[in-house]
Amino acid sequence: MAIVLGPNQYGKAEVRVVAVDRSTARHSLVDLNVSTALRGDFAAAHTTGDNGHVLTTDAQKNTVFAFARDGIASPEEFGLRLARHLAGSYDWVTGARVAIESYGWDRIVVGGAPHDHAFSRTGGDVRTAVVTADGEDLHVLAGLSDLVVLKTTGSEFWGFPRDRYTTLPETTDRILATAVTARWRYTGLDVDWHATYDAVRATLLETFAATHSLALQQSLYAMGEAVLEQHRDVAEVRMSMPNKHHFLQDLSAFGLDNDLDGPGAVVYHADDRPYGLIEGTVLRDDVPAAWLGTPGFC
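Values in this document were obtained by computation on a predicted structure and should not be read as measured data. (Residues numbered from 1 in each chain as written. Predicted model: local features only at pLDDT ≥ 70, side-chain atom pairs only at ≥ 80, totals over all residues. Heavy atoms only, no water.)

Let's talk about the environment of His85
For clarity, the cut-off: Strands here mean DSSP runs of E at least two residues long; helices mean DSSP runs of H or I at least four residues long; both are numbered from the N terminus. Two residues form a contact once any of their heavy atoms are found within 4.5 Å.
With respect to the secondary-structure elements, His85 resides in helix α3 (residues 75-87). Between the alpha carbons of His85 and Val54 there is a distance of 15 Å; along the sequence they are 31 residues apart. For His85, the contacting residues outside a window of four places in its chain are Thr63 and Phe67.

See below:
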């Protein structure tokens, strides 16, 4: 038996870079969190401490800042520029992965008009992009995280098996809520990154709302299916969706009913944990190396 070094990568995590375009009086703002990782011949660094093939993580950080100086058109385009550069930096570097979170900022409205250089951070979901350079091949994953959605009806859950530990009652009318984390793989690089991201996000939201759901799994599949049907540039969608449970609150101790069809408000209590976690992939064909080192998905 021999002990050998297995797959490995290294890089700089969570480089926070803010780029402001001040070329006109109306400034624009891009706010990113960038993580880089390199793959290649780094065995000597692990086994003997020889750093001759190690492009320092500090240099990777500095590359992010230097490339930002030329402007950031979109997370995907910026990731492609960085991945191409890093993967081609030395002969012994065989691949690079650039993962980006993009935080949104809205212009503050002053006197009924958006201000030229004052912004407020948007709440809610975060746009993501992961670019992988594997030799000469380039793969782009776009996505989002923490897209919190809820529908107050149009959701059921029944017909599940029961054993001695099953206490959950069946229901034909419930709140369905989740926080969608999704990534989708593009079929190529000739993509309008901003427009396609906005369109896919809208498709996910519309399908969640319009699907009469018998299970969160059904909603997940319907959302992925709709993206693939409506967006030919997308080859597959992977989603992770926790079930944010809402249970009817028992108000009988106060002499009050809490009926779905009764007058007045229906009162629920929201449980943040433990929660069901639903994950799945909807795809057209096989999965390439684009997902290597991309955690959080089955």
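Looking at the side chain of Ser35
As for its position among the elements, Ser35 is in strand β2 (residues 28-40). Those residues in contact with Ser35 that sit more than four places away from it in its chain are Lys12, Ala13, Glu14, Arg97, Val98 and Ala99.

Comments concerning the sheet that holds strand β8 (residues 176-186)
Selection criterion: In this analysis, strands are considered paired if DSSP registers two or more bridges between them. Angles here are taken between N-to-C directions and fall from 0 to 180 degrees, while the axes themselves are lines fitted to C-alpha atoms, restricted in helices to the stretch in contact.
As summarised here, the arrangement of the eight strands in space is β1-β2-β3-β6-β7-β8-β9-β12, forming an open sheet in which the pairing is antiparallel. Only two strands of the sheet have a single partner each, and these edge strands are β1 (15-21) and β12 (276-283). Geometrically, the sheet is characterised by an average inter-axis angle of 20° between neighbouring strands, direction not taken into account. Looking at chain direction, strand β3 (residues 93-103) and strand β6 (residues 126-134) are connected through eight bridges and run antiparallel. Residue Ala96 lies in a different strand from β6, and its bridge partner there is Ala133. Across the sheet, helix α2 (residues 57-68) is in contact with β1 and β2; its angle to β1 comes to roughly 15°. Most of the contacts of helix α5 (residues 216-230) go to strand β9 (residues 234-243), to which it runs at about 155°, and overall it touches β8, β9 and β12.

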